[in-house]
Each structure stands twice: as C-alpha cells, then as structure tokens.
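This is what each chain is made of:
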Amino acid sequence: MNIDKIFNMFESEAKPAPENIVLVDFKDHPYYWVGMFKKIMLNYDVFSKKFISMFRGDGSEVDTADIEKAGEHFVYERAWEYINKLDITIPIHLSTLIQYKDPVLIKNLNQTLLHFQDNEEYEKCGFILRLIEELKKN
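Residues numbered from 1 in each chain as written. Predicted model: local features only at pLDDT ≥ 70, side-chain atom pairs only at ≥ 80, totals over all residues. Heavy atoms only, no water.

Since the α-helix packs 3.6 residues into each turn, any two residues three or four apart lie on the same face. When helix α5 (residues 91–99) is considered as a whole, its buried residues turn out to be H93, L94, T96 and L97. For α5, the angular spread of the buried residues around the axis is 160 degrees, confining them to a single face. In α5, the exposed residues that point more than 90 degrees away from the buried face are P91 and Q99. Of the surrounding secondary structure, the elements contacted by the buried residues of α5 are α2 (30–42), α6 (103–118) and α7 (122–137). (Buried < 20%, exposed > 50% of the residue type's maximum accessible area, 1.4 Å probe, protein only. Helix = DSSP H or I, 4+ residues; strand = E, 2+ residues; numbered from the N terminus. Arc of directions from axis to C-beta. Contact = heavy atoms within 4.5 Å.)

Moving on, we come to the pattern of salt bridges. Scanning all chains against the criterion turns up five salt bridges. Note that K124 and E77 form a salt bridge whose closest N and O atoms lie 3.0 Å from each other. Separated by 47 residues along the polypeptide, K124 in helix α7 and E77 in helix α4 (residues 64–83) bring together distant segments of the chain. Taken individually, K124 and E77 each receive the classification buried, so the pair is uniform in this respect. (Salt bridge = Lys/Arg side-chain N within 4 Å of Asp/Glu carboxyl O.)

A cluster of nonpolar side chains, V22, V24 and F26, forms an exposed patch at the surface whose accessible area comes to about 340 Å². With respect to the helices and strands, the residue V24 is situated in the loop between α1 (3–8) and α2. Judged by relative accessible area, which is 52%, V24 ranks as exposed. (Patch = residues over 30% accessible without salt bridge, like charges linked within 9 Å, V, L, I, M, F, W, Y side chains within 5 Å. Areas by Shrake-Rupley, 256 points an atom, 1.4 Å probe, with all protein chains shown as cover.)

Right, let's get into α4. In this model α4 runs 29 Å from its N-terminal to its C-terminal C-alpha over 20 residues, within 8% of the 28 Å that 1.5 Å per residue would give. Every buried residue belonging to α4 is among I67, G71, V75, Y76, E77, A79, W80, Y82 and I83, and all of these are buried. (Expected span 1.5 Å × (residues − 1).)

This part is about the nonpolar core. With 25 residues, the main nonpolar core has F37, I83, L86, L105, L109, I128 and L131 as its most contacted residues. When contributions to this core are tallied by element, the ones reaching two or more residues are α2, α4, α6 and α7. If we skip the residues at most four places from it in the chain, L86 touches P30, W33, V34, H93, L97, F127 and L131. (Core = buried A, V, L, I, M, F, W, Y, C linked by side-chain atoms within 4.5 Å.)

This part covers the environment of R130. Topologically, R130 is positioned in helix α7. On the basis of relative accessibility, which here comes to 45%, the residue R130 falls in the partly exposed class. On a C-alpha basis, the gap between R130 and I88 in space is 8.7 Å, while along the polypeptide they are 42 residues apart.

What follows covers the environment of L97. In this fold, L97 is placed in helix α5. Measuring from C-alpha to C-alpha, the distance between L97 and N138 comes to 9.9 Å, with 41 residues separating the pair along the chain. Here L97 is in contact with L86, I88, L105, L131 and L135, once residues within four sequence places are set aside.

So, about the packing of α4 against α6. Put simply, α4 and α6 touch, their axes get as near as 11 Å, and they point 120 degrees apart. Considering how the two elements wind past one another, α4 and α6 form a crossing that is left-handed. Of the residues in α6, those in contact with E72, H73, Y76, E77, W80 and I83 of α4 are L109, Q111, T112, H115 and F116. Of the residues belonging to the contact of α4 with α6, the class tally is five nonpolar, four polar and two charged. (Axes fitted to C-alpha atoms, helices over the stretch in contact; angles between N-to-C directions. Left-handed = near helix turned anticlockwise from the far one by under 90°. Nonpolar A, V, L, I, M, F, W, Y, C, P; charged D, E, K, R; others polar.)

Turning next to the packing of aromatic side chains. Applying the stated criterion across every chain yields a total of five aromatic pairs. Aromatic side chains Y31 and Y100 sit 6.4 Å apart centroid to centroid with 50 degrees between the ring planes, which places their arrangement in the tilted category. Of this pair, Y31 sits in helix α2 while Y100 sits in the loop between α5 and α6, and the two are 69 residues apart along the sequence. With centroids separated by 5.9 Å and ring planes inclined at 75 degrees, the aromatic side chains of Y32 and Y82 adopt a geometry described as edge-to-face. Of the two residues, Y32 sits in helix α2 while Y82 sits in helix α4, which places them 50 residues apart along the sequence. Taken together through their ring pairs, the aromatic side chains of W80, F116 and F127 make up a single cluster. (Phe/Tyr/Trp six-rings, centres within 6.5 Å; stacked < 30°, edge-to-face > 60°.)

So yeah, pure geometry; function would need other evidence.
The structure is reproduced here in structure tokens:
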C-alpha cells in the first residue's frame, strides 16, 4: 500500500486566492459608517429596553432614569463614532451620505443633533448640522 496515494486523494481545503482579486475591508468605507450609524439609531429603542431590563432583572435598586440616561449616552456616542468619520469634502463620502438619504436618516441626524445640544457638545452639533444642511441641498 502506497501511503502517498492515499493522502493525494484528498485535496487541500484552503486554496490561495487568485492574484487579480482585491479584497476590500468595508469597515473603512463611508457606506459602512453611514449604515452603522443608521442601524445603531434604529435599534436604539430595542437596546434601551434590553439595557433597562438587564438591570431590573439582577435585583439591584438602581434608578431607572439614570439607566435610561446612561443607555442614551452610550447609543449616541457609539453612533457618533461612525458618523464622524465622514468628510463631506471628499466626493465619495458626500455621495454615500446622499445615497443613504431618506426620512429615517434625517430623523436620526436631527435626534443626534438635539442630544448633543442638550449635552452642550457644540463641535459635534456643528458637524451634524453640516451633514443635515448638505442633505437638504441634495
């Protein structure tokens, strides 16, 4: 029995990628950033309810209003981490924002603007306001 023949019956599972294929990491693309901003804001209500129920379920006596405030802060800061990567002076960033334009995105941006106004984070407000104004133009 030839052992080489037995092992040659099985092909290697991992085949190298062809040289002409380019792999793109979408986490470094404006489509991903705007999409994640939108997703986080859309899931805010679901997250908020789970966040509050997590603390109620453990039997601790924590003020629900404080938990809601912490959850709100977490969501807006996380959404901000994505949307602030946009630079609307770069054509692909601006076109991406415009392609995502819909009533939900505009509502989310306005809610984010109000949140940062309430927390007196005016540099963030200025950035969000520029995005809103750019969407109104286009």
